[in-house]
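So you can see what is in the structure, the chains are spelled out below.
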Amino acid sequence: MTTGSALRAALAVETLKLRRSTVARIATALLVLLVPLGSIGMVALARSPQAVGPTAAKLADYATGDLATTHLLVCAQVLSVAALAAGGFFVAWSFGRELESGTAGALFGLAVPRGTVALAKCLVALAWIASCVVLAVALTTAASAVVAGTSGEPFPAWAGVRDAVAAGLLGGGLAQPFAWVATVTRSQLGTVGALVGMVALTQIVVLLGGGTWFPYAAPSLWAGMGGAEAAAAVGPPHLMLAATMAPLGAAAVVHAWRRLTDV
């Protein structure tokens with residue numbers, strides 16, 4: 001079997017697993033439905049009379065400005081975190097489940113090399129999260145167009161669409177290193193624990209002022225979660241560093257699967 005045919009076969013198998021995955025179905029529904037609802041809803045709450053006290057303070061950044069632009073700003077901020085969480089849960093399932101249960105050994109009896117199986121898993125995970133991000137942004141954009149139209153506000157805000165997609169893709173790419181964690185720990189729960197730990201570490205790094213150069217913080221800061229000043233401090237080098245985590249994570253997990261023993 002040639003390298004190309006082996007990869008195609010592995011991709012077909014992993015795509016079928018994706019379609020039948022309960023984890024993927026739940027994560028897809030949450031991303032595609034809750035992100036648009038949250039984006040529109042938070043802006044509506046920020047601009048409603050009910051936004052008083054602590055609620056008004058937390059949503060103050062969304063209380064003014066162009067409506068469509070603000071919808072997509074919130075969408076970008078939510079996706080920068082939600083895509084990481086969803087992608088992390090998916091790779092924990094995709095890589096950890098078979099190793100944890102001991103069924104991965106059956107894969108290695110096939111003509112497809114171990115590294116090719118791992119690469120196919122990474123590619124399917126990236127394609128899935130990218131599709132979810134694009135669909136979530138598309139639905140947010142459509143809902144925003146309706147709301148803006150009924151409010152008589154200008155639309156479209158294509159720069160916001162671009163930024164929301166970019167933030168989501170960067171967030172989803174950051175999940176790839178957790179495939180390596182799932183491989184090393186051979187545990188879905190351990191991988192989820194590492195994901196939660198990274199989220200906590202990110203908060204600490206941001207509080208200490210090192211968020212711009214920390215890959216797991218840069219996309220969210222760029223999307224505006226730390227305010228306009230923090231967003232302005234994040235430039236192309238910081239985002240490029242965050243973008244390298246996906247290929248580095250994929251390379252690490254492919255190497256790890258090539259060296260797997262006792263599966």
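The structure displayed is predicted, hence computed values, not measured ones. (Residues numbered from 1 in each chain as written. Predicted model: local features only at pLDDT ≥ 70, side-chain atom pairs only at ≥ 80, totals over all residues. Heavy atoms only, no water.)

## Observations regarding the overall build of the chain
The number of helices and strands found in the chain is 13 helices and zero strands. Taken from N to C terminus, the helices and strands of the chain fall in the order α-α-α-α-α-α-α-α-α-α-α-α-α. Taking 2.2 N^0.38 as the reference for a compact globule, 263 residues should give roughly 18 Å; the C-alpha atoms of the chain span a radius of gyration of 20 Å, in line with that estimate. With the C-alpha coordinates aligned to their principal axes, the bounding extent of the chain is approximately 65 × 40 × 30 Å. When the 263 residues of the chain are sorted by exposure, 46% land in the buried category. In the chain, once contacts between residues fewer than 6 apart in sequence are set aside, the share between residues at least 24 apart is 78%. Summed over all atoms, the accessible surface of the chain reaches about 12,400 Å², with 70% contributed by carbon and sulfur. (Helix = DSSP H or I, 4+ residues; strand = E, 2+ residues; numbered from the N terminus. Rg over C-alpha atoms; globule rule 2.2 N^0.38 Å. Buried < 20%, exposed > 50% of the residue type's maximum accessible area, 1.4 Å probe, protein only. Contact = heavy atoms within 4.5 Å. Areas by Shrake-Rupley, 256 points an atom, 1.4 Å probe, with all protein chains shown as cover.)

## Some words on the packing of aromatic side chains
Under the definition given, this model contains five aromatic pairs. Consider the rings of Phe178 and Tyr216, whose centres lie 6.1 Å apart with planes at 75 degrees: the pair is edge-to-face. Taken together, the residues Phe178 in helix H8 (residues 177-185) and Tyr216 in the loop between helix H9 (188-207) and helix H10 (218-222) connect sequence positions 38 residues apart. Classification of Phe178 by relative accessible area gives buried; the value is 4%. A ring pair is formed by Phe214 and Tyr216, whose centres lie 6.2 Å apart and whose planes are at 50 degrees; its orientation type is tilted. A relative accessible area of 8% places Tyr216 in the buried class. The cationic tip of Lys121 hangs over the ring face of Phe95; the distance from NZ or CZ to the ring centre is 5.7 Å. (Phe/Tyr/Trp six-rings, centres within 6.5 Å; stacked < 30°, edge-to-face > 60°. Lys NZ or Arg CZ within 6 Å of the ring centre and 35° of its normal.)

## A closer look at the pattern of salt bridges
The full count for this structure, using the stated rule, is six salt bridges. With its nearest N and O atoms 3.3 Å apart, the salt bridge here joins Glu14 to Lys121. Here Glu14, found in helix H1 (residues 3-20), pairs with Lys121, found in helix H6 (residues 114-151); they are 107 residues apart in sequence, far enough to count as distant. For the pair formed by Glu14 and Lys121, the shared burial category is buried. Across the pair Glu98 and Lys17 runs a salt bridge whose closest N-O atoms are separated by 2.4 Å. One end of the pair, Glu98, is in helix H4 (residues 67-101); the other, Lys17, is in helix H1, with 81 residues separating them in the sequence. On the basis of relative accessible area, Lys17 is assigned to the buried category, the value being 18%. Each of Glu14, Lys17, Arg97, Glu98 and Lys121 takes part in one network of salt bridges that share partners. (Salt bridge = Lys/Arg side-chain N within 4 Å of Asp/Glu carboxyl O.)

## Observations regarding the packing of H8 against helix H13 (residues 245-258)
When two helices pack together, their arrangement is captured by the angle between the axes and the distance separating the axes. Between H8 and H13, whose axes approach to 7 Å, the crossing angle comes to 20 degrees. Considering their axes alone, H8 and H13 lie roughly parallel with respect to each other. In this structure, the crossing between H8 and H13 has a hand that is left-handed. Contacts from Pro177, Ala179, Trp180 and Thr183 of H8 reach H13 at Met245, Gly249, Ala252, Val253, Ala256 and Trp257. Within the contact of H8 with H13, the residues separate by chemical class into eight nonpolar, two polar and no charged. (Axes fitted to C-alpha atoms, helices over the stretch in contact; angles between N-to-C directions. Parallel < 35°, antiparallel > 145°, perpendicular 65-115°, else oblique. Left-handed = near helix turned anticlockwise from the far one by under 90°. Nonpolar A, V, L, I, M, F, W, Y, C, P; charged D, E, K, R; others polar.)

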